[in-house]
Amino acid sequence: MSEIAEIIDTLETKIQKLFLKINNLEQKNQALQQELNISATTIQNQNTAVTTLKKDFESLKMTNSLLGSEDYKRDTKLKINSLIREIDYCIAQLAD
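Because the structure is a prediction, the values reported are computed rather than measured.

What follows deals with the overall build of the protein. Per the secondary structure count, the protein includes two helices and zero strands. Here the protein has a C-alpha radius of gyration of 33 Å; the compact-globule value for 96 residues is 12 Å, and the former is much larger. On the principal axes, the C-alpha backbone points of the protein span a range of 100 × 40 × 15 Å. Expressed as a percentage of the 96 residues in the protein, the buried residues total 4%. Here the protein has roughly 9,000 Å² of accessible surface; of this, 59% comes from carbon and sulfur atoms. Side-chain charges of the protein comprise 12 positive and 14 negative groups, with the mean position of each set lying 9 Å from the other.

Here it is, written out as structure tokens:
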């Protein structure tokens, strides 16, 4: 009988250790989930900032070219031509 009691005690001890490990792993998992959410939010904010900065850069390039900068004149001319084509297309659609 004492052998069975020892086996049961050993099993209870092992089960308690397993429950402790499970609890620790669940806590670590929650902490990692929170860290992942924070990182995802940070990445999203940085992507938004990059997009805004790209738009600002394009606006500055356009402004520089309109003010006489030789560096971006070609780009500005291409953009203006593209806009004119879009306007012509819209006028043609309205005329129909």
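Attention shifts here to a negative patch on the surface. A cluster of acidic residues, Glu3, Glu6, Asp9 and Glu12, forms a negative patch on the protein surface. Residue glutamate 6 is classed as exposed on the basis of its relative accessible area, which comes to 52%.

This part takes up the packing of helix 1 (residues 2-66) against helix 2 (residues 73-95). Packed helices, taken two at a time, are described by their axes: the angle between them and the distance between them. Two numbers describe how helix 1 lies on helix 2: the axes approach to 8 Å, and their chain directions differ by 105°. On the basis of the axis angle, helix 1 is roughly perpendicular to helix 2. Each of Lys61, Met62, Ser65 and Leu66 in helix 1 lies in contact with helix 2, whose residues at this interface are Lys73, Asp75, Thr76 and Lys79. Across the contact of helix 1 with helix 2, the residue classes break down as two nonpolar, two polar and four charged.

Rules used in this analysis
- Residues numbered from 1 in each chain as written.
- Predicted model: local features only at pLDDT ≥ 70, side-chain atom pairs only at ≥ 80, totals over all residues.
- Heavy atoms only, no water.
- Helix = DSSP H or I, 4+ residues; strand = E, 2+ residues; numbered from the N terminus.
- Rg over C-alpha atoms; globule rule 2.2 N^0.38 Å.
- Buried < 20%, exposed > 50% of the residue type's maximum accessible area, 1.4 Å probe, protein only.
- Areas by Shrake-Rupley, 256 points an atom, 1.4 Å probe, with all protein chains shown as cover.
- Lys, Arg positive; Asp, Glu negative; His and termini not counted.
- Charge placed at Lys NZ, Arg CZ, Asp CG, Glu CD.
- Patch = residues over 30% accessible without salt bridge, like charges linked within 9 Å, V, L, I, M, F, W, Y side chains within 5 Å.
- Salt bridge = Lys/Arg side-chain N within 4 Å of Asp/Glu carboxyl O.
- Axes fitted to C-alpha atoms, helices over the stretch in contact; angles between N-to-C directions.
- Parallel < 35°, antiparallel > 145°, perpendicular 65-115°, else oblique.
- Contact = heavy atoms within 4.5 Å.
- Nonpolar A, V, L, I, M, F, W, Y, C, P; charged D, E, K, R; others polar.

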